Amino acid sequence: MNLINLSSMRMGIVGVQFLFVAFGSTVLVPLLVGLDPATALFTAGLGTFIFHLITKGKVPIFLGSSFAFIAPIIAASKQWGMSGTLAGLAGVSLVYFLMSVLVRWQGKRLLDRLFPPVVIGPVIILIGLTLSGSAVDMAKTNWLLAFISLITAILVLSLARGLLKLVPVICGIIVGYAVACCMGIVDFTAVAAAPWFALPGSLAHFHLPEFAWEPFLYMIPVAIAPVIEHIGDVYVVSAVADKDFVKDPGLHRTLFGDGLACLTAAFLAGPPVTTYSEVTGAMSITKVTDPRVIRIAAATAVVFSVIGKLSALLQSIPSAVLGGIMLLLFGTIASVGIQNLVQHKVNLNKTRNIIIVSVTLTMGIGGAVLSWGSFSISGIGLSALVGVILNLVLPQGKVAKPSLDRS
């Protein structure tokens, strides 16, 4: 459905829903690394606006807290403190900027060489499958709540009509939250204690990060993984929206926009932001892909960051409720990767293609990690890097014919 045909009210409701989808992960990262969740919401909203400005408002992408930096931030903060770590996070943007320049210089030829469908397809699948672990972890805290939320979202998506069909996530969360309240497992203490209006912690007590070369250099290699994941996400969003965002406005713009958003987040004491697959999954099931709805979600994030009680109320949603919704969303991302392989007619009878797909998926799902001193790369970043290398070095072999030996 084209959002242009929707009323302003429907646009607003769908936009708020997209923030609900991203909310859990966005505030979870700062909670795990010792940063302010309200600041993370603020920098996510601001970063999304910056991204849309750089990309001419054409790409329906929401930027939220990146899970790739949880371990590096914790490790860096022990060595250089949080102020030094935040200065080091500015180095993340440098990798985005350099990659943007490289893509701008070489253009689509470089992308076709490094990221053909046989590489991008498995990476997109991995984006969904590797995130599924966090969805299950959230859901298993209370499987009853998770299944109630999941089933509600599925029923709304399958049977509802009109506006209701556009908000299966909100419906699932509301029903799950209501059941959790009836079960007496929602703690409203933080909501009662929260002020109605409060600036995010970093803005109320703003000070510039203390720059140091050590954390700056430490964070640069860490950015390789989210940069590669960013490229995969742009291809996913292009497939969902049925538009070539790699060409228009260009991958160099999306990379630069993400890097500038990361730089802004670092200066405001927020975690690095990255393209959010959760929101892409929501777009896939609702068929709403107009960038305006993402900007509504971004504006809502900024508003929520300064309304203390509302932010506290959202944080009181049990993780199982959000986990049930994620079980649906992450699966849709993996299906987009399968569609990518099918639509581009990737020949899996070719031995090299089988090798690339198999090794990429196995390393990603298996959780392979490559470490060298303080440098470490794992997950989607490592798997994508291996897929790119295999695609470059493996010869274009003959098509493997299936055996007909029935002896």
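Throughout, a residue's number is its position along its own chain's written sequence, starting from 1. The model is predicted, so local features are restricted to residues of pLDDT at least 70 and side-chain atom pairs to those at 80 or more, both for listing and for counting; the totals for chains, interfaces and linings are taken over all residues. Side-chain metrics rest on all non-hydrogen atoms present in the structure, leaving aside hydrogens and water.

1. Focus: the overall build of the protein chain
Item 1. Assigned secondary structure in the protein chain consists of 19 helices and four strands.
Item 2. Working definition: with a 1.4 Å probe on protein chains only, accessible area under 20% of the residue-type maximum means buried, over 50% means exposed, and in between means partly exposed. In the protein chain, which comprises 407 residues, the share counted as buried stands at 55%.
Item 3. Throughout, a residue-residue contact means that at least one pair of heavy atoms, one from each residue, lies within 4.5 Å. The contacts in the protein chain between residues at least 6 apart in sequence include a share of 84% that link residues at least 24 apart.
Item 4. Total accessible area on the protein chain stands at roughly 17500 Å², and carbon and sulfur atoms take up 67% of it. Think of it this way: any DSSP run of H or I at least four residues long counts as a helix, any run of E at least two long counts as a strand, and we number them from the N terminus. Surface exposure here means Shrake-Rupley accessible area, sampled with a 1.4 Å probe, where a residue is shielded only by the protein chains that are shown.

2. As for a nonpolar patch on the surface
Item 1. The patches reported here contain residues having more than 30% relative accessible area and no salt bridge. Joining distances are 9 Å for like charges and 5 Å for nonpolar side chains (Val, Leu, Ile, Met, Phe, Trp, Tyr). Criterion for a salt bridge: a side-chain nitrogen of Lys or Arg within 4 Å of a carboxyl oxygen of Asp or Glu. Residues Val-136, Trp-143, Phe-147, Ile-151, Leu-155 and Leu-159 make up a contiguous nonpolar surface patch of about 570 Å² in total accessible area.
Item 2. With a relative accessible area of 42%, Phe-147 lands in the partly exposed category.

3. Quick word on the packing of aromatic side chains
Item 1. Within 6.5 Å between ring centres, the rings of Phe, Tyr and Trp (the latter by its six-membered ring) count as paired, and their orientation is classed by plane angle as stacked under 30 degrees, edge-to-face over 60, tilted in between. Per the stated rule, a full pass over the model turns up two aromatic pairs.
Item 2. For the ring pair Phe-97 and Phe-256, a centre distance of 5.0 Å and an interplane angle of 35 degrees mean the geometry is tilted. Of this pair, Phe-97 sits in helix 4 (residues 90-106) while Phe-256 is found in helix 13 (residues 246-267), placing the two residues 159 residues apart along the sequence.
Item 3. Taking 5.4 Å as the distance between ring centres and 25 degrees as the angle between the ring planes, the aromatic pair formed by Trp-143 and Phe-147 counts as stacked. Residue Trp-143 and its partner Phe-147 are located together in helix 7 (residues 143-159), separated by four residues, close to a single helical turn.

4. Some points on the environment of Asp-244
Item 1. Mapping Asp-244 onto the fold places it in the loop between helix 12 (224-241) and helix 13.
Item 2. For the pair formed by Asp-244 and Val-234, sequence separation is ten residues and the distance between their alpha carbons is 9.1 Å.
Item 3. In protein, a polar contact requires one atom able to donate a hydrogen and another able to accept it; more generally it is a pair of N or O atoms within 3.5 Å, and residues adjacent in sequence count only if both atoms are side-chain atoms. Within the structure, the side chain of Asp-244 is placed 3.2 Å from the backbone nitrogen of Val-246, a separation counted as a polar contact.

5. Description of the side chain of Ser-238
Item 1. In this fold, Ser-238 is placed in helix 12.
Item 2. Residue classification places Ser-238 among the buried residues on the basis of a relative accessible area of 9%.
Item 3. Among residues more than four places away in sequence, those in contact with Ser-238 are Lys-243, Asp-244, Phe-245 and Val-246.

6. A few points about the environment of Ala-44
Item 1. When you line up the elements, Ala-44 lands in helix 2 (residues 37-54).
Item 2. Since its relative accessible area comes to 0%, Ala-44 is described here as buried.
Item 3. Sequence separation between Ala-44 and Val-302 is 258 residues, and the spatial gap between their C-alpha atoms is 8.0 Å.
Item 4. The residues contacting Ala-44, other than those within four sequence positions of it, are Thr-26, Phe-62, Leu-63, Gly-64 and Val-273.

7. Considering the state of the cysteines
Item 1. Disulfide: a pair of cysteine sulfur atoms within 2.5 Å of each other. Using the criterion set out here, one finds zero disulfides in the structure.
Item 2. Cysteine Cys-182 remains unbridged, with the sulfur of Cys-181 as its closest cysteine sulfur at 6.9 Å.
Item 3. On the basis of relative accessibility, which here comes to 73%, the residue Cys-182 falls in the exposed class.

8. Quick look at the nonpolar core
Item 1. Ranked by internal contacts, the top residues of the largest apolar core, which has 110 residues, are Phe-18 and Phe-62.
Item 2. Among the elements that take part in this core, helix 17 (residues 319-343) stands out by supplying twelve residues, more than any other.
Item 3. Beyond its immediate stretch of four places on either side in the chain, Phe-18 contacts Val-279, Ala-282, Met-283, Thr-286, Val-288, Val-293, Ile-294 and Ala-297. Residues belong to a common nonpolar core when they are buried Ala, Val, Leu, Ile, Met, Phe, Trp, Tyr or Cys residues joined through side-chain atoms within 4.5 Å.

9. What about the pattern of salt bridges?
Item 1. Taken as a whole, this structure holds three salt bridges when the rule is applied.
Item 2. Note that Lys-58 and Asp-248 form a salt bridge whose closest N and O atoms lie 2.9 Å from each other. Residue Lys-58 is found in the loop between helix 2 and strand 1 (63-65), and its partner Asp-248 is found in helix 13; the two are separated by 190 residues along the sequence.
Item 3. With a relative accessible area of 39%, Asp-248 lands in the partly exposed category.
Item 4. Of the charged contacts, one joins Lys-140 and Asp-137 as a salt bridge, the two residues approaching to 3.3 Å between their closest N and O atoms.
Item 5. Look at Asp-137 and you get partly exposed, because its relative accessible area is 42%.

10. Side note on the packing of helix 2 against helix 15 (residues 291-306)
Item 1. Interaxial angles span 0 to 180 degrees and are taken between N-to-C directions of axes, which are lines fitted to C-alpha atoms, for helices over the stretch in contact. Direction vectors running N to C along helix 2 and helix 15 enclose 150 degrees, while the axes themselves pass 8 Å from each other. Considered as vectors, helix 2 and helix 15 are oriented roughly antiparallel to each other. Here helix 2 runs over helix 15; the crossing is left-handed. Residues Ala-38, Leu-41, Phe-42, Gly-45, Leu-46, Thr-48, Phe-49 and His-52 of helix 2 form the contact with helix 15, whose participating residues are Pro-291, Ile-294, Arg-295, Ala-298, Ala-299, Ala-301, Val-302, Phe-304 and Ser-305.
Item 2. Three classes are used: nonpolar for Ala, Val, Leu, Ile, Met, Phe, Trp, Tyr, Cys and Pro, charged for Asp, Glu, Lys and Arg, and polar for all others, with Gly counted as polar. Each residue belonging to the contact of helix 2 with helix 15 can be placed in one class, and the counts come to twelve nonpolar, four polar and one charged. Note that the term roughly parallel is reserved for angles under 35 degrees, roughly antiparallel for angles over 145, roughly perpendicular for angles of 65 to 115, and oblique for everything else. Note on convention: the crossing is left-handed when the near helix lies turned anticlockwise from the far helix by less than a right angle, right-handed when the turn is clockwise.

11. Quick look at unusual backbone geometry
Item 1. Cis geometry is adopted by the peptide bond preceding Pro-249, which originates at Asp-248 and carries an omega value of 15 degrees.
Item 2. Looking at the secondary structure, you find Pro-249 in helix 13.

12. As for helix 8 (residues 168-183)
Item 1. For helix 8, spanning 16 residues, the distance from its first C-alpha to its last is 22 Å, which sits close to the expected 22 Å at 1.5 Å a residue.
Item 2. Considered for burial, the residues of helix 8 that qualify are Pro-168, Val-169, Ile-170, Cys-171, Gly-172, Ile-173, Gly-176, Tyr-177 and Ala-180.
Item 3. Gly-184, located one to two residues past helix 8, shows a positive phi value of around 75 degrees. Multiplying 1.5 Å by the residue count of a helix minus one yields the expected span of that helix.

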